[in-house]
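Residues per chain are reported as follows:
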Amino acid sequence: MMPRAELLKDIVADLRMAASFVTILPAASSKPAADGAVARATWALPVAGLLVGLAGAFVYKAAIRCGLTPNLAALLALGTTALITGALHEDGLADTADGLGGGRTRERKLEIMRDSRIGTYGVCALILSFGLRWSALATIASPFAVTLALCAAHAAARAGVPAFMSLVPPARPDGLSASAGSPPGRSVAIAFAVGTLALALALGPGKALVGLILLSFAGLMLARLAIRQIGGQTGDILGAFEQIGEILVLLVAAAFQIGR
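Here the structure is a predicted model, which is why all the values come from computation and not from measurement.

Asks: Looking at this structure, how should I read the pattern of salt bridges?
Replies: A side chain with one charge may pair with a side chain of the opposite charge, provided their charged atoms come close. Within the structure shown, the criterion is met by six salt bridges. Residues Glu 90 and Arg 133 are paired through a salt bridge, measuring 3.3 Å at the closest nitrogen-oxygen approach. Here Glu 90, found in helix α5 (residues 88-102), pairs with Arg 133, found in helix α7 (residues 120-140); they are 43 residues apart in sequence, far enough to count as distant. The class of Arg 133 is buried, set by a relative accessible area of 0%. Where Arg 108 meets Glu 111, a salt bridge forms, and the shortest distance between an N and an O atom there is 3.2 Å. With Arg 108 and Glu 111 both in helix α6 (residues 106-114) and three residues apart, this pair spans about one turn of that helix. Connected through salt bridges with shared partners, the residues Glu 90, Arg 133 and Glu 246 form a single ionic network.

Here's what the structure looks like:
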């Protein structure tokens, strides 16, 4: 059995790795990561998501207290989460939309996804993503309910990433997804448990179940599309998966008006 001190050290290392993986915060250790460290640390992705959600919620509440409308506060909250993550997931969504929507062959799709330029499909995807999330937060309005929704959305959207990485093979031998490796079953299970708990605490058991069903269905559809068009997943596909998850959870939260 692993000594408690060593176990705690590994947990902290995984949390720092996850935070550095999905945010621009200088959380990673200066020492090079060992083989499989990124894949093992994926269990902590929903925990890192909670931090991102809390940051957005803090800005939202501060904006409301300063007298701004829910519409403006929601926009500032989204800007905050995009800033903290370096718009990593938004970039993945845009690249995925451009690649899967614009290329004719597998090679061309992958080439487009690696291109730093953004196309029409990517622009439309970003407008849709920001528009839906902004509208959902403005509809929820209550700072307490927005806090619950943002934390649940950012945690749950990342909770399925380890499973996606484990079940869908990398589309190319190099790149972010391939270098990260396949998460072990324990990391997949812990991430799923954390995401499910966040949903249940924020939305309640019944509404959380609706969210889980929608997230699972969206993941299956994206996985099928990615495998059929490019042969697997990439870092951009994972970013798109996270964005879709955020949107779905926030829409469920808005539809059921949580916290009121």
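Asks: Sorry if this is basic, but what is going on with the environment of Ala 223 here?
Replies: Within the secondary structure layout, Ala 223 lies in helix α12 (residues 205-230). Along the backbone, Ala 223 and Phe 241 are 18 residues apart, and their C-alpha atoms lie at a distance of 9.1 Å. Contacts of Ala 223, omitting those with residues within four sequence positions, involve Phe 164 and Val 168.

Asks: Can you walk me through α6 in this structure?
Replies: One full turn of an α-helix is made of 3.6 residues, so residues set three or four places apart face in the same direction. Listing the buried residues of α6 in full gives Lys 109, Leu 110, Ile 112 and Met 113. Angular distribution of buried residues about the axis of α6 spans 160°; they occupy a single face of the element. The outward face of α6, more than 90 degrees from its buried face, is lined by the exposed residues Glu 107 and Arg 114. Buried-residue contacts for α6 involve α5, α12 and α13 (235-256).

Asks: In this structure, what is going on with the confidence of the model for the protein chain? I would like to understand it.
Replies: Low-pLDDT portions of the prediction should not be read for the details of their coordinates. Averaged over all residues, the pLDDT of the protein chain equals 89, while 92% of them reach at least 70. When the elements of the protein chain are averaged for pLDDT, helix α10 (residues 176-180) gives the smallest value, 64, and helix α4 (residues 70-84) the largest, 97.

Asks: Would you explain the packing of helix α3 (residues 45-65) against helix α8 (residues 143-159) in this entry?
Replies: Packed helices, taken two at a time, are described by their axes: the angle between them and the distance between them. At a closest axis distance of 7 Å, the pairing of α3 and α8 adopts a crossing angle of 155°. Considered as vectors, α3 and α8 are oriented roughly antiparallel to each other. Here the hand of the crossing between α3 and α8 comes out right-handed. Across from Leu 45, Pro 46, Gly 49, Leu 50, Val 52, Gly 53, Leu 54, Gly 56, Ala 57, Tyr 60, Lys 61 and Ile 64 in α3, the residues of α8 making contact are Pro 143, Val 146, Thr 147, Leu 150, Cys 151, His 154, Ala 155, Arg 158 and Ala 159. Its residues assigned to classes, the contact of α3 with α8 comprises 14 nonpolar, five polar and two charged.

Parameters at a glance
- Residue numbers here run from 1 along each chain, matching the order of that chain's written sequence.
- Under the rules for a predicted model, residues below a pLDDT of 70 receive no local features and side-chain atom pairs below 80 are neither given nor counted, while totals for whole chains, interfaces and linings still include all residues.
- As a rule here, side-chain values cover all heavy atoms of the structure and leave hydrogens and water aside.
- Here a salt bridge means any side-chain nitrogen of Lys or Arg lying within 4 Å of a carboxyl oxygen belonging to Asp or Glu.
- Only runs of H or I of at least four residues qualify as helices and only runs of E of at least two qualify as strands under DSSP, and these elements are numbered from the N terminus.
- Burial classification: accessible surface area is computed with a 1.4 Å probe over protein chains only, and a residue below 20% of its type maximum counts as buried, one above 50% as exposed, and the rest as partly exposed.
- Should any heavy atoms of two residues lie within 4.5 Å, those residues are considered in contact.
- Directions from the helix axis toward the C-beta atoms define the arc.
- Within a predicted model, pLDDT stands for the predictor's per-residue confidence, ranging from 0 to 100.
- Comment: axis = line fitted to C-alpha atoms, over the contacting stretch for helices; angle = value between 0 and 180 degrees taken between N-to-C directions.
- When an angle is under 35 degrees it counts as roughly parallel; over 145 it counts as roughly antiparallel; between 65 and 115 it counts as roughly perpendicular; any other value is oblique.
- Left-handed describes a crossing whose near helix is turned anticlockwise from the far helix by less than a right angle; the clockwise case is right-handed.
- Residue type decides the class: Asp, Glu, Lys and Arg count as charged, Ala, Val, Leu, Ile, Met, Phe, Trp, Tyr, Cys and Pro as nonpolar, and the leftover types, Gly among them, as polar.

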